[in-house]
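# A closer look at the structure
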Amino acid sequence: MPQALQRALTKNQTTLLIYPLKVLVADQYAKVVTLNEALPPASRLTLAQLTGDVSLEVRRAHFQGTRSPDLILASPDVLHHLLYHTQEQEYELWRDFLRRLGLIVLDEAHAYQGSFGIHQANLMRRLRLARTYAGGNPETLQWVVSTATIGNPLELSSQFTGLPTSSITLLDRSGAKRHERTLLTFKPQKSPNYITANLIASLCQRGLKGLVFVNSRHTAKAICSLVYAQAEGTTPVDIFHGSLLPGRRNQLLANLADGRLNALITTNCLEAGLDVPDLDFCLIRGATNLNSFWQRSGRCGRANPGLLLFVPDLNNPIDFYYGSDPERFFQEPEKVKLNPDYPSILARHLLCAGAEGGLDTSTAKTYFGADGEAIAQELVRQRQLRWSNQKLIRKGYPHKDISLRGINASRVKLVVNQNHVLEELSLPFAHRECHEGAIHVSTSDGQLQRWRCGQLDILTGQIQATRLEQTEGNLRRTRAKIELRVNPNKRLQDPKVIPTKEGNLRLSFWWGQFSQEVSGYSEILQTYAKVCPNERCLQYCQPQSERDTHCSSCRRKLSKQLTERSIEEVTFPQPLVHSQESPTLRLEVNPTLASALRREAQAWQNKLKGEYGDRGIPSSLATVFQYEPVLLASHSLSHALIKAVPLLFLASSNDVSSLSERRIGAGSADPSLCYLFDSVHEGSGTTEGLFSDWEQVVCKSLEILSGCDCGECGCPKCQTEHGCPQSNEGLFKPLGLWLLQQICP
């Protein structure tokens, strides 16, 4: 930041600082304002904050005065749309900024992963091209790319800057002063939310201040509900996530900074961007990858010694992986792997470049590479780009068709008390969590609030919610009934045939459409009851009499846990549907392998009958009698492949999903299909990684499945997958393991 100020004061150069999170932009902008106000009035610089939290009128005003900003702090999303105005007459000050641009800072560059990273790399290509439109030379630009510890910082910086790695200087040592931090890792927990809530209460009672990181809004609200249930009156704990309105987010951060709050339970939106130097602790409920873990842990231990607490979920494979051996936290960090030339995304950015000032085939190659030139020629043949005054141009506003973060959906406002907007969320999330009849959780002034959602008003984009009385909604929640449908449309690469001794597995890579359909919901009553903790018992987790002390079936001592039972099932007249497109991997077995799978399934049926007889076969093994063997094997295989994703790529298992289905009208030879697909619009490259690195993925999946301590039954660490479209029904670990053993090289 001092370098940016010096450039503006002594060289009349401008600086563009780009941050992946709005909260980070706001935090850094406040610091720049403070520095600027310390300068003599005559020397003060013109500053601009450009994010979606700043109104369009204010953003436009920065380019309608007499002088362009000296420093712009922006989010990629707003910069994407700002580039469209590069050639417009009323944006001369924007062109002046680009002509004087001397320094570009990309902060938290490791955050640009998956499709977001591919979009960011192409956005930087367009930014360099826009500088030429404005009369500047992109080769004179200087770059600063800051990132958390990753395995390939030079490669990633090269992809964003367009510079060869030999021209980039790596600074991998920090001179910043840090206090010591203590890492306390718990054993994998059966009830991690309950343990986390107890820890939060204990830390807050001792007057400590910190952040609690979780991996979903659902988990944040569940933990907050437990914290509030334990407290009498108000509690200094609140929830922070991206769908909250800007004013609410700023208020929560201010309350944490000045001590009115002791803890914020947050998603990854506060992994970076929060500079509260006196945080005492950072509690991490659930891991995703090493990069994220250490980024989150860096929020504390700045001004004072910090305490890091990791609470792993016994039923989560990644948590179990790190929680069972904490030394794994100190392994080499993951790499951020991007393919900036990913065809569908690159084509959209070429169209934007055509609308921003035009390009020719040589320009396309210079700024977008050889693939860019080829795709530009294809876009001409498709008449999406056309020649005008020796330039390829695009009419209209193609920018609206790009979502940098892979979210292809409109926004919905959740409204309470007639006109108060509680949250603003994407349409798919609203379908899942705020559908008609859903119970929504929020907080206000230290109190937990529950709301019953009404029907979405399509015209206004609003959902009205009604407050539930404490006694009415305290122990109730809703769970949407969600189905996914996959339709492969266009084959992207030649298929692979994986030979085995028992037959062949065929992999084909497609461009497909998948649809989320919410057909209704279940209303659930939560109660504390005595249950059997033995996973091998037929009465596992089933409520038993309060008078009993031991399980009536296995005689294991009962423990009291939070249990759920459905009290109402609701089906909508018409399902709520949201569709998007992404790369899709299809798995098929040939008739020979299908026959071998049936023989293996029959062998297991005989074995289980002989072992259990009339005593009853455990439900996790009974599926071999209930489902078609190829369906069982392919579904189990797909889950094992997903488990391997975070251990091989800098990606989450949430970045890819799967669906196994029985072919309608198919013969008995190969009646089932299995699909794996990127769960974000336009894809993130995860499914492509599964296809291209198939052997490595299969070997890692086999290691996970065979190394799990659950035996034959299968468990959440190795088989069941949170968010499975088929509710983890139709899984049989032994068949999935057998198939992996056949196809593993």
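One structure accompanies this document, and this report is about it. A quick note: this is a predicted structure, and the numbers were derived from the prediction, not measured.

What counts, and where the lines are drawn
- Residues numbered from 1 in each chain as written.
- Predicted model: local features only at pLDDT ≥ 70, side-chain atom pairs only at ≥ 80, totals over all residues.
- Heavy atoms only, no water.
- Buried < 20%, exposed > 50% of the residue type's maximum accessible area, 1.4 Å probe, protein only.
- Helix = DSSP H or I, 4+ residues; strand = E, 2+ residues; numbered from the N terminus.
- Contact = heavy atoms within 4.5 Å.
- Pairing = 2+ DSSP bridges.
- Axes fitted to C-alpha atoms, helices over the stretch in contact; angles between N-to-C directions.
- Polar contact = N/O pair within 3.5 Å; in protein donor to acceptor, adjacent residues only side chain to side chain.
- Parallel < 35°, antiparallel > 145°, perpendicular 65-115°, else oblique.
- Nonpolar A, V, L, I, M, F, W, Y, C, P; charged D, E, K, R; others polar.
- Expected span 1.5 Å × (residues − 1).
- Lys, Arg positive; Asp, Glu negative; His and termini not counted.
- Salt bridge = Lys/Arg side-chain N within 4 Å of Asp/Glu carboxyl O.
- Core = buried A, V, L, I, M, F, W, Y, C linked by side-chain atoms within 4.5 Å.

Turning our eyes to something else, we now look at helix α5 (residues 92-99). For α5, every residue scored as buried is listed here: Leu93, Trp94, Arg95, Phe97 and Leu98. Buried residues belonging to α5 abut β1 (14-18), β3 (71-74), α4 (76-82), β4 (101-106) and α6 (114-133).

With that settled, consider the sheet that holds strand β6 (residues 181-185). Within a sheet, each strand pairs with its neighbour through backbone hydrogen bonds, oriented either parallel or antiparallel. With parallel pairing, the six strands of this open sheet are ordered in space as β6-β11-β10-β7-β9-β8. The sheet is open, and its two edges are formed by β6 and β8 (237-240), each paired on a single side. Averaged over all pairs of adjacent strands, the angle between their axes in this sheet comes to 20 degrees, without regard to strand direction. Bridge analysis of strand β10 (residues 281-285) against strand β11 (residues 306-311) gives five bridges, and the strand direction is parallel.

What the five strands build is an open sheet, ordered β15-β14-β18-β17-β16; its pairing is mixed. At either end of the open sheet lies a strand with only one pairing partner, and these are β15 (420-426) and β16 (439-444). Strand after strand, the sheet turns through a mean of 35 degrees between neighbouring axes, direction not considered. Summarising the sheet, strand β17 (residues 447-457) and strand β18 (residues 462-467) pair through five bridges and their orientation is antiparallel. If you follow aspartate 457 over to β18, its bridge partner there is glutamine 462.

Take the pairing of strand β19 (residues 476-500) next. Within a regular strand, side chains alternate between the sheet's two faces. Direction of pairing for β19 relative to strand β20 (residues 503-531): antiparallel, over a ladder of 21 bridges. Counted as the bridge partner of arginine 477 is isoleucine 524 from β20. As consecutive antiparallel partners, β19 and β20 are separated by two residues.

Our focus in this paragraph is the side chain of glutamine 605. Its place among the elements puts glutamine 605 in helix α17 (residues 591-612). Of the polar contacts made by the side chain of glutamine 605, one reaches the backbone oxygen of valine 624; its length is 2.9 Å. Setting aside anything within four residues of it in sequence, one finds glutamine 605 in contact with Val624 and Phe625.

The next point concerns the environment of cysteine 282. Inspection of the secondary structure assignment puts cysteine 282 in strand β10. By relative accessible area, cysteine 282 is classed as buried at 0%. Setting aside its immediate chain neighbours within four residues, cysteine 282 contacts Leu211, Phe213, Arg296, Ser297, Cys300, Leu307, Leu308 and Leu309.

Turning to the packing of α6 against helix α7 (residues 153-161), a few remarks are in order. At a minimum axis distance of 7 Å, the contact between α6 and α7 shows a crossing angle of 45 degrees. Classified by the interaxial angle, the pair formed by α6 and α7 is oblique. Contacts between α6 and α7 pair Gly117, Gln120, Ala121, Met124 and Arg128 from the former with Gln159, Phe160 and Thr161 from the latter. Residues of the contact of α6 with α7, tallied by class, amount to three nonpolar, four polar and one charged.

Attention now moves to helix α2 (residues 22-37). In this model, α2 (16 residues) spans 23 Å end to end at C-alpha, consistent with the 22 Å of a helix rising 1.5 Å per residue. Among the residues of α2, those classed as buried are Val23, Leu24, Val25, Asp27, Gln28, Tyr29, Val32 and Asn36. Structurally, α2 contributes buried residues whose contacts are with β2 (47-50), β3 and α10 (246-258).

Structurally, the position occupied by aspartate 107 is in the loop between β4 and α6. At 8.8 Å, arginine 299 is the nearest oppositely charged side chain to aspartate 107, a buried residue that forms no salt bridge.

Ranked by internal contacts, the top residues of the largest apolar core, which has 54 residues, are Leu16, Ile72, Leu79 and Trp94. Tallying contributions element by element places α6 first for this core, with eight residues. Discounting residues that sit within four places of it in the chain, leucine 16 has contacts with Ile72, Ala74, Leu79, Phe97, Leu101, Leu103, Ile104, Val105 and Leu127. Residues Ile498, Leu585, Leu676 and Cys715 belong to the second largest nonpolar core, which totals 51 residues.

Let us now look at unusual backbone geometry. Of note, glutamate 108 is a non-glycine position whose phi angle comes to about 50 degrees, a positive value. The topology assignment puts glutamate 108 in the loop between β4 and α6. You can call glutamate 108 buried: its relative accessible area is 13%. The phi angle at arginine 555 is positive, at roughly 70 degrees, despite the residue not being glycine.

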